[in-house]
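Working through the structure, step by step
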Amino acid sequence: MAVVGVLALQGSFNEHIAALRRLGVKGVEIRKPEQLDSVASLIIPGGESTTMAKLAQYHNLFPALREFVKLGKPVWGTCAGLIFLADKAVGQKEGGQDLVGGLDCTVHRNFFGSQIQSFETELSVPELASKEGGPDTFRGVFIRAPAILEVGPEVQVLADYPVPSNNVLDSNSTVEAPEEKIQSENKVIVAVRQGNLLGTAFHPELTADTRWHSYFLKMASDVAEGASSSIVAVGVDLGLNKQPMQDLPIYQY
């Protein structure tokens, strides 16, 4: 049975491993480049993106992570992990940070504001519901969250979120865009897929709803079929959430 790697430098890697375990799949912590050789897919969790980038530099992980993506192996980035996967990031701290890249999009690093502006909301997820069943909405947990401002032609938008028009930013700047440029825009993108890459601006691992994890596992299995290996859930049907799941009361505001 193949295993799923979870980058374990900082952030919510334990929560991802626990979610995988609920699906009967083994998640292993990844901290060194050579450990990537033992996994067929990877989750880059949420956390503090600048800190994660510094730790990845310290462990010389960026070349191996970029190669992992270029080889077409499935990678899912949540929150800070989404920033890692983006080809371009704006709103960064002075000096910026290294990115893994591969996902043809522009991400604003702290689009939704500071820690105290974190929030939860119901997101419309028709694609997820059509593949995994369950309700047409998903409880999105946004913690100091990024947002996707632009995507390329090969990127599939899986979820977006409405915002006041004057909050939409120009992807070439960290300041608000002129009103005339954004008058018809009132949403930012918060979940995307491009081939072997999946990105969510929110934290599915902090809820009891495992449909995003199941969706990613099926992505990984589809890729692995062509390479004569697949991710197998032990005794668990990955057609999950035929009944609505209740969110864990993790965050209360």
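In this text the structure is predicted, and so the values were computed from the model without any measurement.

Brief notes about the pattern of salt bridges
Applying the stated criterion to the full structure yields nine salt bridges. R144 is paired through a salt bridge with E48; the nearest N and O atoms lie 3.9 Å apart. Within this pair, whereas R144 is found in the loop between β8 (137-142) and β9 (147-151), its partner E48 is found in the loop between β3 (41-44) and α2 (49-58), the two being separated by 96 residues in sequence. Judged by its relative accessible area of 31%, R144 is partly exposed.

A look at the nonpolar core
L36, F84, F112, F142, V190 and W212 are the most contacted members of the largest nonpolar core, which has 73 residues in total. In this view, V190 contacts F112, L123, F142, A159, D160, Y161, G199, T200, A201 and F202; residues no more than four positions away in its chain are not counted.

A word on the confidence of the model for the protein
The predicted coordinates of low-pLDDT regions are not to be read in fine detail. Here the protein averages 84 in pLDDT, while 78% of its residues score no lower than 70. Predicted confidence for residues 171-184 stays below pLDDT 50, and this span has 24 contacts to residues more than four positions away or in other chains. Segment residues 239-253 is flagged for pLDDT under 50; beyond a separation of four residues in sequence, or across chains, it makes 32 contacts in the model.

Description of helix α1 (residues 13-22)
Turning to α1, its buried residues number three or more, namely F13, H16, I17, A19 and L20. Around the axis of α1, the buried residues are gathered within 160° of arc, so they sit on the same side. Buried-residue contacts for α1 involve β1 (4-7), β2 (27-30), β3, β4 (75-78) and α7 (211-225). Just past α1, the residue G24 takes up positive phi, approximately 80°.

Brief notes about the side chain of H203
The residue H203 is located in the loop between β12 (197-200) and α7 in this model. A relative accessible area of 5% means that H203 is categorised as buried. Residues contacting H203, with those up to four places away along its chain left out, are S12, G46, C79, V141 and I143.

Analysis parameters
- Sequence order as written defines residue numbering, which begins from 1 separately in each chain.
- For this predicted model, a pLDDT threshold of at least 70 governs which residues receive local features, and a threshold of 80 or more governs which side-chain atom pairs are given and counted, while totals over whole chains, interfaces and linings are taken from all residues.
- Here the side-chain values reflect all heavy atoms present in the structure, with hydrogen atoms and water set aside.
- Any carboxyl oxygen of Asp or Glu that lies within 4 Å of a side-chain nitrogen of Lys or Arg is treated as forming a salt bridge with it.
- Under the DSSP-based scheme used, a helix requires at least four consecutive residues in state H or I and a strand at least two consecutive residues in state E, with every element numbered from the N terminus.
- Burial classes follow relative accessibility: with a 1.4 Å probe on protein chains only, a residue under 20% of its type's maximum area counts as buried, one over 50% as exposed, and anything between as partly exposed.
- Nonpolar cores are built from buried Ala, Val, Leu, Ile, Met, Phe, Trp, Tyr and Cys residues. Side-chain atoms within 4.5 Å join them into one set.
- Between two residues, a contact is recorded if the distance between any of their heavy atoms is within 4.5 Å.
- Residue-level confidence of the predictor is summarised by pLDDT, bounded by 0 at the bottom and 100 at the top.
- Our arc is simply the arc of the directions from the helix axis toward the C-beta atoms.

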